[in-house]
2 protein chains.
Amino acid sequence: MPIERRTKVTLKDLAHLCGVSLGTIDRAINDKPGVSKKTREMILRIAEEHGYRPNVIAQSLQSGKTFEIGLIVHDLNNRFFSLLVDSIQQTAWEHHYYIQLAVSLRDTTREKEIIEHMLQRNVDGILLFPTNVGETFYEYLVNLGIPVTLMANRVKGPPGSRPLPFIGLDNTTVVKQAVEQIIAQGYEVVNFVAPYFNTTNSHNYYEIDKRYQAFLSVVEVHTVEHHIFSCQQYRSEIARLSFDKRTAFFCVSDIFALELLSLFTEMGLAIPDDVGVMGFDNIDVLKYVRPSLSTINYPVSELGKQGFELLHSTISGERVNPKQMLEAQIIWRDSI
Amino acid sequence: MPIERRTKVTLKDLAHLCGVSLGTIDRAINDKPGVSKKTREMILRIAEEHGYRPNVIAQSLQSGKTFEIGLIVHDLNNRFFSLLVDSIQQTAWEHHYYIQLAVSLRDTTREKEIIEHMLQRNVDGILLFPTNVGETFYEYLVNLGIPVTLMANRVKGPPGSRPLPFIGLDNTTVVKQAVEQIIAQGYEVVNFVAPYFNTTNSHNYYEIDKRYQAFLSVVEVHTVEHHIFSCQQYRSEIARLSFDKRTAFFCVSDIFALELLSLFTEMGLAIPDDVGVMGFDNIDVLKYVRPSLSTINYPVSELGKQGFELLHSTISGERVNPKQMLEAQIIWRDSI
DNA sequence: GTGAAAGCGCTAACAG
DNA sequence: CTGTTAGCGCTTTCAC
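Residues numbered from 1 in each chain as written. Chains lettered and ligands numbered in written order. Predicted model: local features only at pLDDT ≥ 70, side-chain atom pairs only at ≥ 80, totals over all residues. Heavy atoms only, no water.

**Notes on the packing of helix α6 (residues 108-120) of chain A against helix α5 (residues 79-94) of chain B**
Keep this limit in mind: Fitting a line to C-alpha atoms yields each axis, with helices limited to the stretch in contact; the angle taken between N-to-C directions then spans 0 to 180 degrees. Numbering of helices and strands starts at the N terminus; helices are DSSP runs of H or I of at least 4 residues and strands are runs of E of at least 2. To sort the angles, those under 35 degrees are grouped as roughly parallel, those over 145 as roughly antiparallel, those from 65 to 115 as roughly perpendicular, and the leftovers as oblique. Note on definitions: a residue-residue contact is assigned when non-hydrogen atoms from the two residues lie within 4.5 Å. For this scheme, ten residues count as nonpolar: Ala, Val, Leu, Ile, Met, Phe, Trp, Tyr, Cys and Pro. Four count as charged, namely Asp, Glu, Lys and Arg, and the remainder, Gly too, count as polar.
In contact at an axis separation of 14 Å, α6 of chain A and α5 of chain B are set at 75° when each is read in the N-to-C sense. As the angle between them shows, α6 of chain A and α5 of chain B are arranged roughly perpendicular. Taking contact as the criterion, the partners of Arg110, Glu113, Ile114 and His117 of chain A in α6 of chain A are, on α5 of chain B, Gln89, Gln90 and Trp93 of chain B. Of the residues that constitute the contact of α6 of chain A with α5 of chain B, the class distribution is 2 nonpolar, 3 polar and 2 charged.

**What about the sheet that holds strand β9 (residues 275-278) of chain B?**
Residue and element names in this part refer to chain B. Applied cut-off: For two strands to count as paired, DSSP must find a minimum of two bridges between them.
In space, the 4 strands of this open sheet follow the order β7-β6-β8-β9, with parallel pairing throughout. The open sheet has two edge strands, β7 (225-229) and β9, and neither has a second partner. Taken pair by pair, the neighbouring strands of this sheet meet at an average axis angle of 20°, ignoring direction. Bridging between strand β6 (residues 189-193) and β7 involves 5 bridges; their strand directions are parallel.

**Overview of the packing of aromatic side chains**
Quick reminder of the rule: Two rings from Phe, Tyr or Trp (for Trp, the six-membered ring) form a pair when their centres sit within 6.5 Å of each other. Planes less than 30 degrees apart are called stacked, planes more than 60 degrees apart edge-to-face, and all others tilted. Buried means the residue's accessible area, taken with a 1.4 Å probe over protein chains only, is under 20% of the maximum for its type, while exposed means over 50%, and partly exposed covers the values in between. We call a charge positioned above a ring when the Lys NZ or Arg CZ atom is no farther than 6 Å from the ring centre and deviates by at most 35 degrees from the ring normal.
With the rule as written, the count across this model stands at 46 aromatic pairs over all chains. Centre to centre, the rings of phenylalanine 192 of chain A and phenylalanine 215 of chain A are 5.0 Å apart; their planes meet at 45°, and the pair counts as tilted. Separated by 23 residues along the polypeptide, phenylalanine 192 of chain A in strand β6 (residues 189-193) and phenylalanine 215 of chain A in helix α9 (residues 206-221) bring together distant segments of the chain. As far as burial versus exposure is concerned, phenylalanine 192 of chain A and phenylalanine 215 of chain A are alike and both buried. For the pair phenylalanine 197 of chain B and tyrosine 212 of chain B, a centre-to-centre distance of 5.9 Å together with 70° between the ring planes defines the contact as edge-to-face. Remark: tyrosine 212 of chain B occurs in helix α9 (residues 206-221) and phenylalanine 197 of chain B occurs in the loop between β6 and α9; sequence separation between them is 15 residues. We classify phenylalanine 197 of chain B as buried; its relative accessible area is 8%. Residue classification places tyrosine 212 of chain B among the buried residues on the basis of a relative accessible area of 17%. Sitting above the plane of the phenylalanine 280 of chain A ring, arginine 211 of chain A keeps its charged end 3.6 Å from the centroid.

**Remarks on the protein's contact with DNA strand D**
Stated precisely, the cut-off is as follows: Residue proximity to a molecule or strand is established when one non-hydrogen atom of the residue lies within 4 Å of it. We define a polar contact as two N or O atoms separated by no more than 3.5 Å, with the added condition that, inside protein, one atom must be a possible hydrogen donor and the other a possible acceptor, whereas residues neighbouring each other in sequence contribute only through side-chain atom pairs.
Residues in close proximity to DNA strand D total 23 residues, the closest being Leu11, Asp26 and Tyr52 of chain A together with Gly34 and Gln62 of chain B. Within the backbone of leucine 11 of chain A, a nitrogen or oxygen atom sits 2.6 Å from a phosphate oxygen of DNA strand D. Within the contact set of DNA strand D, a base nitrogen lies 2.5 Å away from a side-chain nitrogen or oxygen of glutamine 62 of chain B. Contributing elements (two or more residues each) for the surface near DNA strand D: α1 (11-18) and α4 (56-63) of chain A together with α2 (22-29) and α4 (56-63) of chain B. Class assignment for the residues of the surface near DNA strand D results in 7 nonpolar, 12 polar and 4 charged.

**Here's the deal with the relation of the copies chain B and chain A**
Mapping between the two copies of the chain is achieved by a rotation about an axis and a shift along the axis. Keep this limit in mind: When the copies are superposed, the least-squares fit takes in the C-alpha atoms of residues with a pLDDT of at least 70 in both.
After a rotation of 180° and a shift along the axis of 0.0 Å, chain B superposes on chain A with an RMSD of 0.1 Å. Taken together, these values place the two copies in the relation of a two-fold axis. Considering only C-alpha atoms, the residue of chain B closest to the rotation axis is glutamine 100 of chain B, which sits at 2.5 Å. Of the residues that chain B buries at the interface, 100% are likewise interface residues in chain A, meaning the two copies contact each other through the same surface.

**A look at the side chain of serine 253 of chain B**
With respect to the helices and strands, serine 253 of chain B occurs in the loop between β8 (247-251) and α11 (254-267). Serine 253 of chain B has contacts with Phe280 and Asp281 of chain B, leaving out every residue within four places of it along the chain.

**Describing the protein's contact with DNA strand C**
With respect to spatial proximity, 22 residues lie near DNA strand C, and among them Ser21 and Gln62 of chain A together with Leu11, Asp26 and Tyr52 of chain B are the closest. Restricting attention to atoms of DNA strand C within 4 Å of the protein, one finds that 69% of them are sugar or phosphate atoms. At 2.7 Å from a phosphate oxygen of DNA strand C is found a main-chain nitrogen or oxygen belonging to serine 21 of chain A. Interatomic distance of 3.1 Å between a side-chain N/O atom of asparagine 30 of chain B and a phosphate oxygen of DNA strand C.

Set out below in structure tokens:
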């Protein structure tokens, strides 16, 4: 570590110090041909002595590239997102990219504000777990001037338009399979629990909707009794049910499933005999919870890794497959 | 939203478009005095129409400020850190600052690499949950040329040197209090569980060491039998104990306490009669765990908020109190 | 091999 | 009120 740091030394300073011109300094520092071995060594030595650090800001202004990408997720309270950010940050580091992180809090206005800010900061691309929906938003993203890659939730354009690069989970297959098997276990009622899932079309519920459609298609084929719990007070609503029939709850996220698990334990219901609970995500804390929660594993690290790599390819101008799909696995444990 | 985005429009472009000079455009856009109302309105309208966005990179090069701060934490797997990052990101957003996030993975070399990278990217300051220790590192941080604020772990300089701004927890008080009360409950053996806590001095264990010293001071006064478990195989080591005396385990983090809880349940020990467990941090998943874990609440949001604000004050050149302390609270539940 | 100069987009200082 | 110019630190082009 060089000692003197207080004053930043620039290429120009080095030029003075070495008694050569700016151009020569540049060639030496950046390993370009056209400098004698002697001068190059001298320059590198003096640069080292003075603790020279290139100014990335100036490089960016010149090159138009920042090697930063904007990352926008809903929040960091949900374990799912922190693991996602972790994975993206790791992958980005390996590619010598930096992350600018912001959280949208599922607020459509805030999401747009964040995008505007990131644009001004000249990020090379944006990795987005979207909250907004609709064709206007699609047009907006397409015309940003920098690549955008979507994770988990899609944003669709008008029919026939080129889709935005997207990486997500194949929800349909796994949900159908899970619901089939739940029904096969003899549950008389199968419910779908998706708080915050509203139908006003103001927010992006692409992924949850996929799951709901898959759920519906199965329960309707089997003509099984089913209900949806989509309001925030799902816990108290469910607490008021009679439970005279054997009932299963398919939850779109482990955090809701855990709430139900503790509710049913309090109510003295037998799990999984009176009532069954299935989660989604397979968050890591499940290992401490009893009865152990059956769930669907979301390959969140893969989502982050491949999401970054997809964006990275687009930034590098490669032609990419605009739609990548990840597979989930059902994990049967004791709760259903 | 302006429609045309593909080509970035600059102040110079606007100057041409409006038929005025660069200087006038600048004054109009940045709300400076010295433009007639008429021209200003015209300029703002045209800027809006063409979707002008200031180039923050160019502004940074000019001003030397980026309004970005570097944030370095150990990892994001630990719930503690994701909540911390969340809180910092929120606070930064309110102050119109952006976060550059990187994780050190508790690797001393990587931590220094990250700092070097952030320096090159001209962050205005660094918020650091440090991994390195020692006076050399202290000197390094002091001479970075930008403000650094430390969270939780201190980095001490030579005697008499000006301490780096720091925000942390008052570990001593709360740990002493907790251990006192554990002993008062009649435990015959009180153990300290701190995996990864080694004494080679290569890593920064400032905070854990504080806790250990506080622990020691109390058990020694009461001459209670005590042991420390500091290796990574703490779980199997503890599994081999005989448990013929009533034993308490004071863990430096909830995640270790949860491991012990499930171990003791497997072993058929009665909690808290045969064996007691105390955690640290009060991570939010505890609400789903039975028996409920007694723990110490770490005000992590406060740590993030005040950490950012401390750094922000330093960046703004305010004189600040270099040492801020947060208070923890003991939360007694069923495990001890 | 090396030096000089222009320019990335913006701000600030100085003229008019 | 408005225009011109220099310069932030770097890269690139073109002379020598």
